[in-house]
Amino acid sequence: FDVSVLDSIINTTTPQGVYGLTAQEYGGNIHLAYYYGSEEEKWFLIHEVRKQGQLVSREEVQEFSGNVWEGAHSSIQFDENGNPFIYCSFIANSDTKTIVFSKENNEWSPVDLGYKTVNTYLHSSGVPGQDLGFVTLRKDFEINTNFEIIDYFSYTDGGWSSEIVSTSDYLKTEPAAFHFDGEAYVAYIEAHPPDTTVLFI
């Protein structure tokens, strides 16, 4: 393995460094997305492209007002034209955000999905050009008092919509979404006490 250092963390009173790192291969390059807290206590969403470990490009997609390291998750997917989509969840100034950043004609555009519940995780992966979408795991005490809810967001007819996958009364772990042959698959695990684990696809 070749190891590339993305950041060197120093002792500081602020949550400086790299958070919510994700990676996806496309066209022989590795695309990285992550949140970065600088020494100046500024926060950014970063998109990097690397080839064989070497940096090809690095750009600041968005600067945030406030720390975004809490609940910081990201995932990358590509449309049929090779345009990257970065799915983001984070908490800033006590406000939960789920934002899709897409790049077209060298310009990044954000879409805030208005997903205000305690969003703890998101994931997407699959063949470039397949249907755009990602899975989330969240808490919503009005819908399910004790356990997580799994939702799936999909992009159709120029807009994002969501549907609930599971509100079962079991502890769930981080779900995964995969896209293959025109189909979307969501997988997650439930803990069924006292000693059983169940995988759902």
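Residues numbered from 1 in each chain as written. Predicted model: local features only at pLDDT ≥ 70, side-chain atom pairs only at ≥ 80, totals over all residues. Heavy atoms only, no water.

S.K.: Can you walk me through the pattern of salt bridges in this structure?
M.R.: Oppositely charged side chains may form a pair once their charged atoms are brought near each other. Under the defined criterion, the tally for this structure stands at 5 salt bridges. Of the charged contacts in the structure, one is a salt bridge between Glu 48 and Arg 58, with a shortest N-O distance of 3.6 Å. Of this pair, Glu 48 sits in strand β3 (residues 43-51) while Arg 58 sits in strand β4 (residues 54-64); the two residues are 10 residues apart in sequence, bridging distant segments of the chain. Judged by relative accessible area, Arg 58 falls into the partly exposed class, the value being 40%. Residues Asp 151 and Arg 138 are paired through a salt bridge, measuring 2.2 Å at the closest nitrogen-oxygen approach. In this pair, Asp 151 is assigned in strand β12 (residues 149-156) and Arg 138 in strand β11 (residues 133-139), connecting sequence segments 13 residues apart. The residues Asp 151 and Arg 138 share a single accessibility class, namely buried. Put simply, Glu 48, Arg 50 and Arg 58 are held in one network by salt bridges that share partners. (Salt bridge = Lys/Arg side-chain N within 4 Å of Asp/Glu carboxyl O. Helix = DSSP H or I, 4+ residues; strand = E, 2+ residues; numbered from the N terminus. Buried < 20%, exposed > 50% of the residue type's maximum accessible area, 1.4 Å probe, protein only.)

S.K.: How should I be thinking about the sheet that holds strand β6 (residues 84-92) in this particular structure?
M.R.: In any sheet, the strands associate via hydrogen bonds between backbone groups, in a parallel or an antiparallel arrangement. With antiparallel pairing, the 4 strands of this open sheet are ordered in space as β5-β6-β7-β8. Taken across any chain shown, the strands that pair with only one partner, and hence form the sheet edges, are β5 (73-78) and β8 (107-112). The sheet shows a mean angle of 20 degrees between the axes of neighbouring strands, direction not considered. Where strand β7 (residues 95-104) meets β8, 6 bridges bridge the pair, whose relative direction is antiparallel. For Ser 102, the partnering residue across the bridge sits in β8 and is Ser 109. (Pairing = 2+ DSSP bridges. Axes fitted to C-alpha atoms, helices over the stretch in contact; angles between N-to-C directions.)

S.K.: Would you mind going over the packing of aromatic side chains with me for this structure?
M.R.: The description of an aromatic ring pair uses the distance of the two centres, along with the angle that the planes make with each other. Per the counting criterion, the structure on display carries 13 aromatic pairs. Judged by centre distance (4.8 Å) and plane angle (55 degrees), the ring pair of Phe 64 and Phe 90 falls under tilted. Of this pair, Phe 64 sits in strand β4 while Phe 90 sits in strand β6, placing them 26 residues apart in sequence. One exposure class covers both Phe 64 and Phe 90, and it is buried. Ring geometry for Phe 134 and Phe 153: centres 5.1 Å apart, planes at 10 degrees, overall stacked. With a gap of 19 residues between them, Phe 134 in strand β11 and Phe 153 in strand β12 connect regions that are remote in the sequence. Taken as a pair, Phe 134 and Phe 153 share a single burial class, namely buried. (Phe/Tyr/Trp six-rings, centres within 6.5 Å; stacked < 30°, edge-to-face > 60°.)

S.K.: Sorry, what's going on with the pairing of strand β15 (residues 176-180) here?
M.R.: On a regular strand, each side chain points to the face opposite its neighbour's, so the side chains alternate between the two faces of the sheet. The pairing of strand β10 (residues 125-126) with β15 spans 2 bridges and is parallel. Counted as the bridge partner of Ser 125 is Phe 178 from β15. As paired strands, β15 and strand β16 (residues 183-192) are joined by 5 bridges and run antiparallel to one another. The residue of β16 that forms the bridge with Ala 176 is Ala 187. Between the end of β15 and the start of β16, which pair antiparallel, lie 2 residues, with Asp 181 showing a positive phi angle near 55 degrees.

S.K.: Teacher, can you tell me more about the sheet that holds β3 here?
M.R.: Pairing is antiparallel across the open sheet formed by 4 strands, whose spatial order is β1-β2-β3-β4. The open sheet has two edge strands with one neighbour each: β1 (17-26) and β4. For this sheet the average axis-to-axis angle between neighbouring strands, irrespective of direction, equals 20 degrees.

S.K.: Which parts of the structure should I look at to understand the side chain of Asp 79?
M.R.: Turning to its location among the elements, Asp 79 is positioned in the loop between β5 and β6. Here Asp 79 occupies a buried position and makes no salt bridge, while the nearest side chain of opposite charge, Lys 103, is found at 12 Å. A polar atom in the side chain of Asp 79 sits 2.9 Å from the backbone nitrogen of Asn 81. Engagement of the side chain of Asp 79 in a polar contact is seen with the backbone nitrogen of Asn 83, the distance being 2.8 Å. The residues touching Asp 79, leaving out its near neighbours within four places in the chain, are Phe 85, Pro 128, Gly 129 and Leu 132. (Lys, Arg positive; Asp, Glu negative; His and termini not counted. Polar contact = N/O pair within 3.5 Å; in protein donor to acceptor, adjacent residues only side chain to side chain. Contact = heavy atoms within 4.5 Å.)

S.K.: Explain the nonpolar core to me, please; I cannot follow it from the model alone.
M.R.: Where a protein is soluble and globular, its nonpolar side chains tend to be buried together. Of all hydrophobic cores here, the largest spans 17 residues; its most connected members are Tyr 35, Leu 45, Phe 64, Ile 86, Phe 90 and Phe 101. Of all elements in the fold, only β2 (29-37), β3, β4, β5, β6 and β7 reach the threshold of two or more residues within this core. Apart from the residues lying within four places of it in its own chain, the contact partners of Leu 45 are Tyr 34, Tyr 35, Glu 59, Glu 60, Val 61, Gln 62, Phe 64, Ile 86, Cys 88 and Phe 101. Among the nonpolar cores identified, the runner-up in size contains 9 residues, and Tyr 87, Val 100, Leu 132 and Trp 160 belong to it. (Core = buried A, V, L, I, M, F, W, Y, C linked by side-chain atoms within 4.5 Å.)

Don't take any of this as a statement about function, it's just geometry.
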